[in-house]
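# Inside the fold
Given next are the chains, with one letter for each unit.
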Amino acid sequence: MFSAREYVKAKSLEEAWELNQKRSSVIVGGMMWLKMGNSQKGTVIDLSGLGLNTIEDRGEEISIGAMCTLRQLETDEGLERAFNGVFRECVRHIVGVQFRNGATVGGSVYGRYGFSDVLTCLLALDSYVELYRGGVVSLEEFAKMPYDRDVLVRIIVKKDGRKAAYVTQRNTKTDFPVIACAVSRKGDDWWVSVGARPKKAERIQISGAGKTAAQLAGEAAGQFSYGSNLRGSAEYRAHLAEVYVKRLMETLEKEEA
Ligand SMILES: Cc1cc2nc3c(=O)[nH]c(=O)nc-3n(C[C@H](O)[C@H](O)[C@H](O)COP(=O)(O)OP(=O)(O)OC[C@H]3O[C@@H](n4cnc5c(N)ncnc54)[C@H](O)[C@@H]3O)c2cc1C
């Protein structure tokens, strides 16, 4: 069971950051993941009073507050318009609506979980995290950073004209994915992100000039490493990644035509 001695609803990001410097403290998003664990904490730091629960279209970028829920990602009209439904597609298989009304974007990105649909999807776009002390860092860099005690304030996604598409395969509905693939495209440039390999999502960029989707998908999927777990073998994942990346590329090509 997860328990804590004290609960503090932070009045400022500075207060949240200071409280979080103690090793026994923990920031909570929706607590959906934390409550599955068995730890006993000193202070639980709640960010829900800091206005981080909005998605704002700032013209050239969209800002997603850390306390936004996965359900907000799914239903936000601005995100839907800017990124042709890729956020809806990436979260809609995560457990169920009630769960997605609780789990936060901040908890999902901070966690950098190997199975993360949200991380896989965001990596294919021009995404950044804003950390209270660390400032704005590209998501690609953040995904590789060690866990520290900073506060994740928001996610920023640039509206740079990329079109994106997303798909996962699950052995059974609502389970963790066996493989998660996101592809985005701007002109001849393609970004491919593959998660649940079962390692944490990574992203590569390739140029598509003069190549077919099948050639590009083979090239892209071959650049990732794959592992085995109870959901699938490394060989199976490598095969799935190539097939799904090709399909996503074809989808984006059709949309452009
Ligand atoms: C049963 C179950 C099934 C799931 N299935 C999937 C799935 O199929 N696909 C998928 O992508 N995800 C899945 N998830 C993960 C889920 O979508 C969320 O990513 C996860 O619950 C974390 O979000 P949260 O708001 O609950 O975070 P919490 O549990 O509150 O926190 C998670 C971690 O993030 C830290 N944290 C939270 N917010 C911040 C912040 N602003 N700054 C710094 N640190 C912060 C916490 O200290 C903690 O370490 C699943 C989770 C569960 C419990």
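Note that the structure is predicted; figures quoted are calculated from it, not measured.

## Description of the pattern of salt bridges
- Counted under the stated rule, the structure contains 16 salt bridges.
- The residue Glu219 makes a salt bridge to Lys211 at a minimum N-O spacing of 3.1 Å.
- Taken together, the salt bridges that share partners define one network made up of Arg58, Glu61 and Lys158.

## Details of the site of the ligand
- Neighbouring the ligand are 34 residues; Ile27, Gly30, Thr104, Ser108 and Asp117 lie closest to it.
- In this structure, Asp117 approaches the ligand through a side-chain N or O atom, which is 2.7 Å from a nitrogen atom.
- Taking 970 Å² as the accessible area of the ligand by itself, protein coverage stands at 92%.
- Most atoms of the ligand, that is more than half of them, are within 2 Å of grid points of the largest pocket.
- The set of elements that each furnish at least two residues to the shell around the ligand consists of β2 (26–28), α6 (105–111) and α7 (117–123).
- Per element, the largest residue contribution to the shell around the ligand is four residues, and it comes from α6.

## Notes on the sheet that holds strand β6 (residues 127–131)
- Read from one edge to the other, the open sheet built from five strands follows the order β4-β5-β8-β6-β7, with strand pairing classed as antiparallel. Bordering the open sheet on either side are β4 (55–57) and β7 (135–138), each of which pairs with just one other strand. Here the average twist between neighbouring strands, direction ignored, is 25 degrees.
- For β4 and strand β5 (residues 61–65), the ladder comprises three bridges, and the chain directions are antiparallel. Across the sheet, the residue bridging to Glu56 is Ser63, located in β5.

## Topic: the side chain of Ser184
- Tracing the backbone shows Ser184 in strand β10 (residues 179–186).
- Side-chain polar atoms of Ser184 contact the backbone oxygen of Ala124, separated by 2.5 Å.
- Excluding residues that lie within four positions of it along the chain, Ser184 makes contacts with Ala124, Arg162, Lys163, Ala164, Asp189, Trp190, Trp191 and Leu252.

## A word on the sheet that holds strand β12 (residues 202–207)
- Strand order in the open sheet made by the four strands is β9-β10-β11-β12, with antiparallel pairing throughout. Strands with a single pairing partner mark the edges of an open sheet, and in this sheet they are β9 (163–169) and β12. Between one strand and the next, the sheet's axes are offset by a mean angle of 15 degrees, whatever the strand orientation.
- Taken together, the seven bridges between β9 and β10 define a ladder with antiparallel strand orientation. Within β10, the position partnered with Lys163 by the bridge is Arg185.
- Its contacts with the sheet put helix α9 (residues 213–221) on β11 (189–195) and β12, and the angle it makes with β12 is roughly 140 degrees.
- Each of β9, β10, β11 and β12 touches helix α10 (residues 234–256); the most contacted strand, β10, lies at about 30 degrees to it.

Reading the values: rules and limits
- Residue numbers restart at each chain and count upward from 1, following the sequence in its written direction.
- Local features in this predicted model are restricted to residues of pLDDT 70 or higher, and side-chain atom pairs are both shown and tallied only at a pLDDT of 80 or more, whereas totals for entire chains, interfaces and linings draw on every residue.
- To obtain the side-chain values, all non-hydrogen atoms of the structure were included, while hydrogens and water were left out.
- Should a side-chain nitrogen of Lys or Arg be within 4 Å of a carboxyl oxygen of Asp or Glu, the pair is scored as a salt bridge.
- Here a residue is near a molecule or strand as soon as one of its heavy atoms is found within 4 Å of it.
- Polar contact is the term for a pair of N or O atoms within 3.5 Å; when the atoms are in protein, one must be able to donate a hydrogen and the other to accept it, and sequence-neighboring residues count only if both atoms are side-chain atoms.
- Computed by Shrake-Rupley with a 1.4 Å probe, the accessible areas treat only the displayed protein chains as cover when residues are assessed.
- The pocket and cavity definitions rest on a 1 Å grid over protein atoms only: a 1.4 Å probe that fits but cannot leave marks a cavity, an open set with protein on both sides within 12 Å along at least five of seven lines marks a pocket, and residues lining either have an atom within 4 Å of a point.
- Each molecule is assigned to a cavity or pocket provided more than half of its atoms lie within 2 Å of the corresponding grid points.
- Counting from the N terminus, the helices are the DSSP runs of H or I reaching at least four residues and the strands are the DSSP runs of E reaching at least two.
- For two strands to be treated as a pair, DSSP must find at least two bridges joining them.
- Lines fitted to C-alpha atoms define the axes here, with helix axes fitted over just the stretch in contact, and angles between the N-to-C directions of these axes take values from 0 to 180 degrees.
- Residues are treated as being in contact if the distance between any of their heavy atoms lies within 4.5 Å.

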